[in-house]
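Report on the structure
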Amino acid sequence: MSCIFCKISAGEIPSYKVYEDENTLAFLDINPVSTGHILVVSKKHFANFEEADEETLCQVIKTVKKIGLSLKKNLAVPGYNVAVNNDPAAGQAVPHLHFHVIPRLLDDGLKPWPPKKYQENQAEEVLNKIKIS
Ligand code: AMP
Ligand code: ZN
């Protein structure tokens, strides 16, 4: 087993554990975007979001909610981002399903992705390709 998050889940390498249940684990990100940045992982190994079964995704998102509530209650953060970097093209460095929960403050200066505008007909074109019927 070479996966670092599998090793953390199995207790083989240490982590700053925030929450654990039968199927999920939450721990501090070692290189936080902001103080209290937490990773929520499934204990089962899945390389990415689509590989994971729906039951596991539900378990993980329930833990994400618990973490968000704790951040608001105990760190008094007014908001947080929930993010998944899915696959290397999206910045995923660790190929084990995980959600980032990133505390945010009003006017903290953190900027997510820059928005663009669709050109004429571009929205319809992409919609027709990806629409699920
Ligand atoms: P991602 O780019 O979405 O795959 O994010 C992986 C995250 O895992 C990064 O934010 C790292 O800082 C974090 N990370 C890597 N190794 C560890 C570790 N041993 N303990 C806690 N966080 C880690
Ligand atoms: Zn793993």
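Here the structure is shown first, and the text comes after it.
A brief report on the enclosed structure follows. Bear in mind that the values here come from a model prediction, so they are computed numbers and not experimental data. Each chain carries its own residue numbering, running from 1 in the written order of its sequence. Each chain takes a letter, starting from A, and each ligand takes a number, starting from 1, following the order in which they are written. Per-residue local features of the predicted model are confined to residues with pLDDT of at least 70, and side-chain atom pairs are confined, for both listing and counting, to 80 or more; whole-chain, interface and lining totals are unaffected and use all residues. Values shown for side chains rest on all heavy atoms present in the structure; no hydrogens or waters enter the calculation.

Points about the overall build of the protein
Within the protein one finds three helices and five strands. Listed by position from the N terminus, the elements making up the protein come as α-β-β-β-α-β-β-α. Taken over the C-alpha atoms alone, the protein extends approximately 50 × 35 × 25 Å along its principal axes. Here the protein holds 133 residues, and 31% of them are scored as buried. Here a residue-residue contact requires only that any non-hydrogen atoms of the pair lie within 4.5 Å. Counting only contacts in the protein whose residues sit at least 6 apart along the sequence, the fraction spanning at least 24 positions is 52%. Areas reported as accessible are Shrake-Rupley estimates using a 1.4 Å probe. Residue values count occlusion only from the protein chains shown. Of the accessible surface of the protein, which amounts to about 9,400 Å², a share of 56% is contributed by carbon and sulfur atoms. Charge separation in the protein, taken as the distance between the mean sites of 15 positive and 16 negative side-chain charges, equals 6 Å. Strands are runs of DSSP state E lasting at least 2 residues, helices are runs of H or I lasting at least 4, and numbering of each runs from the N terminus. Only protein chains enter the accessibility calculation, which uses a 1.4 Å probe; a residue is then buried when its area is under 20% of its type maximum, exposed when over 50%, and partly exposed in between. Positive charges come from Lys and Arg, negative ones from Asp and Glu, while His and the chain ends are left out of the count. Taken as the charge centre is NZ of Lys, CZ of Arg, CG of Asp or CD of Glu, depending on the residue.

Topic: the site of ligand 1
In the vicinity of ligand 1, 16 residues are found, and the nearest of them are Asp29, Gly91, Ala93, His98 and His100. Any pair of nitrogen or oxygen atoms within 3.5 Å is treated as a polar contact; in protein, a donor-acceptor pairing is required on top of that, and neighbouring residues in sequence qualify only through side-chain atoms on both sides. In this structure, a nitrogen atom belonging to ligand 1 sits 3.2 Å away from a main-chain N or O atom of Ile30. Taking 500 Å² as the accessible area of ligand 1 by itself, protein coverage stands at 81%. Every element with two or more residues in the shell around ligand 1 is listed here: helix 1 (4-9), strand 2 (24-28) and strand 5 (98-104). Here the shell around ligand 1 is composed, by residue class, of nine nonpolar, six polar and one charged. Residue proximity to a molecule or strand is established when one non-hydrogen atom of the residue lies within 4 Å of it. Each residue is assigned to one class: nonpolar for Ala, Val, Leu, Ile, Met, Phe, Trp, Tyr, Cys and Pro, charged for Asp, Glu, Lys and Arg, and polar for all the others, Gly among them.

With respect to the pairing of strand 5
Summarising burial for strand 5: seven of the seven residues are buried, a large majority. Along strand 5, one buried face is formed by His98, His100, Ile102 and Arg104 and the opposite face, lined by Phe99, Val101 and Pro103, is buried too. A pair of strands counts as paired when DSSP detects no fewer than two bridges linking them. For strand 3 (residues 38-42) and strand 5, the ladder comprises four bridges, and the chain directions are antiparallel. Looking across to strand 5, one finds that Ile38 is bridged to Val101. Two strands pair when backbone bridges link them, and strand 4 (residues 79-83) and strand 5 are joined in this way by five bridges, in the antiparallel orientation. Looking across to strand 5, one finds that Val82 is bridged to Val101.

Some remarks on the coordination of the zinc ion (ligand 2)
Geometrically, a metal with four donors at the corners of a regular tetrahedron has ideal angles of 109.5 degrees, and one with six donors at the corners of a regular octahedron has ideal angles of 90 or 180 degrees. Donor atoms: N, O and S within 2.8 Å of the metal, or within 3.2 Å for Na, K and Ca. Because water is excluded, sites can look incomplete. Binding of the zinc ion (ligand 2) to the protein goes through Cys3 (SG), Cys6 (SG), His45 (ND1) and His96 (ND1), at separations of 2.0 to 2.3 Å. One way to put it: the four donor atoms around the zinc ion (ligand 2) meet at angles of 104 to 118 degrees, and that makes the site tetrahedral. Here the donor residues of the zinc ion (ligand 2) share one chain and are spaced in sequence as C-x2-C-x38-H-x50-H. Here Cys6 is found in helix 1, whereas its partner His45 is found in the loop between strand 3 and helix 2 (54-74), with 39 residues between them in sequence. We classify Cys6 as buried; its relative accessible area is 10%. The rule is simple: four donors are tetrahedral if all their angles sit between 85 and 135 degrees, four are square planar and six octahedral if opposite donors span more than 155 degrees and the others lie between 65 and 115, and anything that fits none of that is irregular.

As for helix 2
Residues lying three or four places apart along an α-helix face the same way, a consequence of the helix completing one turn every 3.6 residues. Taking 1.5 Å per residue, 21 residues should reach 30 Å; helix 2 reaches 30 Å between its end C-alpha atoms and fits that length. Those residues of helix 2 that sit buried are Thr56, Leu57, Val60, Thr63, Val64, Ile67, Gly68 and Leu71. Viewed along the axis of helix 2, the buried residues span an arc of 150 degrees, placing them on a single side of the element. When the buried face of helix 2 is taken as reference, the exposed residues oriented beyond 90 degrees from it are Glu54, Glu55, Lys62, Lys65, Leu69 and Lys73. In this fold, the buried residues of helix 2 make contact with strand 1 (17-20), strand 2, strand 3, strand 4 and strand 5. Of the residues that open helix 2, the one with a side-chain oxygen 3.2 Å from the backbone nitrogen of Glu55 is Asp53. Two residues or fewer past helix 2, Ala76 is found with a positive phi of approximately 55 degrees. Expected helix span is given by 1.5 Å per residue-to-residue step, counting one fewer step than there are residues. The directions from the helix axis to the C-beta atoms form the arc being described.

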